[in-house]
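Spelled out, the chains give:
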Amino acid sequence: MPWPADNQTALDAFYTKHQLRPDGRPTVAWERAQLVTIPVPYPLTLAWDLSVQVRRITCHPLVADSVTRVLAAILAHYGSLDAVRSARMHLYGGCYNFRRISGSGRLSTHAWGAGIDIDPDRNPLGTPHSPELGMMPLEVVAIFQAEGWKWGGTFQTRPDCMHFQATT
Ligand SMILES: [Zn+2]
């Protein structure tokens, strides 16, 4: 996958620069043109409200097929929804979300719908990966990496093991 580099210029060029309203949020026209809501291969559960089932997610059209393949591969890897749930890989932490990286002025890849978070509770921002603590399964990391996605667990400044993004 020819994903863009992880910097604002490359992200703007590949995923399209935001058109902003006076309040600094993206315009409805930008969101309509640059986002798509797609069904997911297995039902997700909202990580911060376990009573909410998530059957569709909103992402960038350029990542839609890839994220669908990733989730299908996660389901295939575990073999059943029960097994996916045992591994906590149904716990959805969000995809499109117009926001900046916390502690930074940079826009997050979530702001283009090109980042996705899984099992945030066990993979808190800033905590280095530790399989013994039940953090992100490396098999799932490999599934994302096979689609060219970058794992936040490899971030040098601050690991973000819940996070995957479609960048180099
Ligand atoms: Zn994230």
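Here the structure is a predicted model, which is why all the values come from computation and not from measurement.

(A) Fine view of the pattern of salt bridges. For the coordinates displayed, the defined rule picks out six salt bridges. In this structure, R21 and D23 form a salt bridge, with 2.8 Å as the shortest nitrogen-oxygen distance. The salt bridge partner of R99 is D117, with a shortest N-O separation of 3.7 Å. Taken together, the positions of R99 in the loop between β3 (91-94) and β4 (115-118) and D117 in strand β4 put the pair 18 residues apart, joining distant regions of the chain.

(B) Representation of the layout of surface pockets in the model. Here the largest pocket defines a volume of roughly 480 Å³. As for the largest pocket, its lining consists of 25 residues, and the residues nearest its centre are I101, L125, F155, R158 and D160. Looking at the lining of the largest pocket, the elements with two or more residues in it are β3 and β6 (163-165). Broken down by class, the residue content of the lining of the largest pocket amounts to eight nonpolar, 10 polar and seven charged.

(C) Region of the structure containing the coordination of the zinc ion. Surrounding the zinc ion are the protein donor atoms H110 (NE2), D117 (OD) and H163 (ND1), at 2.0 to 2.1 Å. Its relative accessible area of 5% is what places D117 among the buried residues. Here H163 falls in the buried class, since its relative accessible area comes to 3%.

(D) The sheet that holds strand β1 (residues 36-46), seen in detail. Overall, mixed pairing links the six strands, which are arranged β2-β1-β3-β4-β6-β5 in an open sheet. This sheet does not close on itself; its edge strands, each paired only once, are β2 (53-59) and β5 (150-151). Taken together, the two bridges between β5 and β6 define a ladder with antiparallel strand orientation. By the bridge assignment, K150 is partnered in β6 with Q165. Across the face of the sheet, helix α3 (residues 61-78) comes into contact with β1, β2 and β4 while running at roughly 25 degrees to β1.

Conventions adopted
- Residues numbered from 1 in each chain as written.
- Predicted model: local features only at pLDDT ≥ 70, side-chain atom pairs only at ≥ 80, totals over all residues.
- Heavy atoms only, no water.
- Salt bridge = Lys/Arg side-chain N within 4 Å of Asp/Glu carboxyl O.
- Helix = DSSP H or I, 4+ residues; strand = E, 2+ residues; numbered from the N terminus.
- 1 Å grid on protein atoms, 1.4 Å probe; cavity = no way out; pocket = protein on both sides within 12 Å on 5 of 7 lines; lining within 4 Å.
- Points joined across faces, edges and corners; volume = space filled by probe spheres on them.
- Nonpolar A, V, L, I, M, F, W, Y, C, P; charged D, E, K, R; others polar.
- Donors = N, O, S within 2.8 Å, 3.2 Å for Na, K, Ca; no water.
- Buried < 20%, exposed > 50% of the residue type's maximum accessible area, 1.4 Å probe, protein only.
- Pairing = 2+ DSSP bridges.
- Contact = heavy atoms within 4.5 Å.
- Axes fitted to C-alpha atoms, helices over the stretch in contact; angles between N-to-C directions.

Take it as geometry only, folks, not as evidence of what the structure does.
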